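# Residue-level structure breakdown
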Amino acid sequence: EYRQKFISGWLMTLGLSLAALVLSVAIGLIVALFLAARNPLVEATGRIYVELIRGTPLLVQLLLGFYVVANAVGLENRFVVGTLVLAAFSGAYMAEIFRGGLNAIPKTQRDSARAIGLTRWQSFRLVVLPQAVRLVLPAIAGQLVSLIKDSSLLSVIAISELTLNAQEVNSFTYSTLESYVPLAIGYLMLTLPLSATARWLEASFRYER
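Just so it is clear, the model here is predicted, and its values are computed rather than measured.

### Structural notes on the overall build of the chain
Helix and strand counts for the chain stand at eight helices and zero strands. Taken from the N to the C terminus, the helices and strands of the chain come in the order α-α-α-α-α-α-α-α. Overall size of the chain, expressed as C-alpha extent along the three principal axes, is 70 × 45 × 25 Å. Looking at the 209 residues of the chain, the share that counts as buried comes to 37%. Sequence separation of 24 or more characterises 75% of the internal contacts of the chain that already satisfy a separation of 6 or more. Of the roughly 11800 Å² that the chain leaves accessible, carbon and sulfur atoms contribute 66%. On the chain, the mean spot of the 17 positive side-chain charges and the mean spot of the 12 negative ones are 13 Å from each other.

Okay, structure coming up:
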């Protein structure tokens, strides 16, 4: 009877998660470059963002983001606000992951790239970044899985994603087990393929030492 409600909630969670995944990776890369900048003001800006986001709960960020910030700028689309807040939250963790990966690449790699005539940007794009991505893939996969599960908190701003719909079915039917087992299965259908893809990418990028 409530099958369609679970399906529509799952599709909403899928759309939210995919949009937030892409945005969080982009935010993480940009902020990681801020953290690695030589300009103290730029580095401090990135550090303040990371510490502010990581030091406060996602639930509080969602409530402030929707009822305070979005309301102040006249943004009423719950889907957009939820996606942006979720991406900003995950992006702070992504930034630290990327920063760690970039710092793990020895300075001699950059010096060697410059010595053969590559520009600073070419050195970063062709030498440093591919190695850093290979190093941080497991941590990125873990963060992306966490992002998908964190999307369940979007129910607090009344987005009809999977968790909210499961809660509504439970309130209609008083069938807790029948409401939350499909919820768990729905999240596994999202996270397991992501984990499998990450393992495949790790194997593809692996090289013999």
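### Focus: the nonpolar core
Leu 58, Leu 62, Leu 86, Phe 98, Ile 140, Leu 144 and Leu 154 are the most contacted members of the largest nonpolar core, which totals 35 residues. Of all elements in the fold, only helix H1 (3-35), helix H3 (58-73), helix H4 (78-103), helix H6 (120-150), helix H7 (162-173) and helix H8 (176-205) reach the threshold of two or more residues within this core. Broken down by element, this core gets its largest block of residues, nine residues, from H4. If we skip the residues at most four places from it in the chain, Leu 62 touches Gly 82, Val 85, Leu 153, Leu 154, Val 156 and Ile 157. Counting residues in each nonpolar core, the second largest holds five residues, with Ile 105, Phe 124, Val 128 and Ala 132 among its members.

### Regarding the packing of helix H2 (residues 40-54) against H4
How two helices pack is summed up by the angle between their axes together with the distance between the axes. Direction vectors running N to C along H2 and H4 enclose 125°, while the axes themselves pass 9 Å from each other. Judged by the angle between their axes, H2 and H4 are oblique. Seen from above, H2 lies across H4 with left-handed handedness. Where H2 abuts H4, its residues Arg 47, Tyr 49, Val 50, Ile 53 and Arg 54 lie against Ala 88, Phe 89, Gly 91, Ala 92, Tyr 93, Ala 95, Glu 96 and Arg 99. Grouping the amino acids of the contact of H2 with H4 by side-chain chemistry returns eight nonpolar, one polar and four charged.

### Considerations on the packing of aromatic side chains
Summed over all chains, the structure comprises four aromatic pairs. For the pair Phe 66 and Tyr 67, a centre-to-centre distance of 4.9 Å together with 85° between the ring planes defines the contact as edge-to-face. Classification of Phe 66 as buried rests on a relative accessible area of 10%. Residue class for Tyr 67 comes out partly exposed when judged on its relative accessible area of 45%. When the ring centre of Tyr 93 is taken as reference, the NZ or CZ atom of Arg 54 above it lies at 6.0 Å.

### Some thoughts on the environment of Leu 18
Considering the arrangement of structural elements, one finds Leu 18 in helix H1. In sequence terms Leu 18 and Val 42 are 24 residues apart; their C-alpha atoms lie 29 Å from each other.

### Some points on the side chain of Asn 170
Mapped onto the elements, Asn 170 comes out in helix H7. Owing to a relative accessible area of 17%, Asn 170 belongs among the buried residues under this scheme. Discounting chain neighbours no more than four positions away, the residues touching Asn 170 are Ser 175, Thr 176, Ser 179 and Tyr 180.

### Here we look at the packing of H1 against H7
Put simply, H1 and H7 touch, their axes get as near as 7 Å, and they point 160° apart. As summarised for this structure, H1 and H7 are arranged roughly antiparallel, according to the angle between their axes. Where H1 crosses over H7, the handedness of that crossing is right-handed. Contacts from Lys 5, Phe 6, Ser 8, Gly 9, Trp 10 and Thr 13 of H1 reach H7 at Leu 162, Asn 165, Ala 166, Glu 168, Val 169 and Phe 172. Across the contact of H1 with H7, the residue classes break down as six nonpolar, four polar and two charged.

What counts as what
- Residues numbered from 1 in each chain as written.
- Predicted model: local features only at pLDDT ≥ 70, side-chain atom pairs only at ≥ 80, totals over all residues.
- Heavy atoms only, no water.
- Helix = DSSP H or I, 4+ residues; strand = E, 2+ residues; numbered from the N terminus.
- Buried < 20%, exposed > 50% of the residue type's maximum accessible area, 1.4 Å probe, protein only.
- Contact = heavy atoms within 4.5 Å.
- Areas by Shrake-Rupley, 256 points an atom, 1.4 Å probe, with all protein chains shown as cover.
- Lys, Arg positive; Asp, Glu negative; His and termini not counted.
- Charge placed at Lys NZ, Arg CZ, Asp CG, Glu CD.
- Core = buried A, V, L, I, M, F, W, Y, C linked by side-chain atoms within 4.5 Å.
- Axes fitted to C-alpha atoms, helices over the stretch in contact; angles between N-to-C directions.
- Parallel < 35°, antiparallel > 145°, perpendicular 65-115°, else oblique.
- Left-handed = near helix turned anticlockwise from the far one by under 90°.
- Nonpolar A, V, L, I, M, F, W, Y, C, P; charged D, E, K, R; others polar.
- Phe/Tyr/Trp six-rings, centres within 6.5 Å; stacked < 30°, edge-to-face > 60°.
- Lys NZ or Arg CZ within 6 Å of the ring centre and 35° of its normal.

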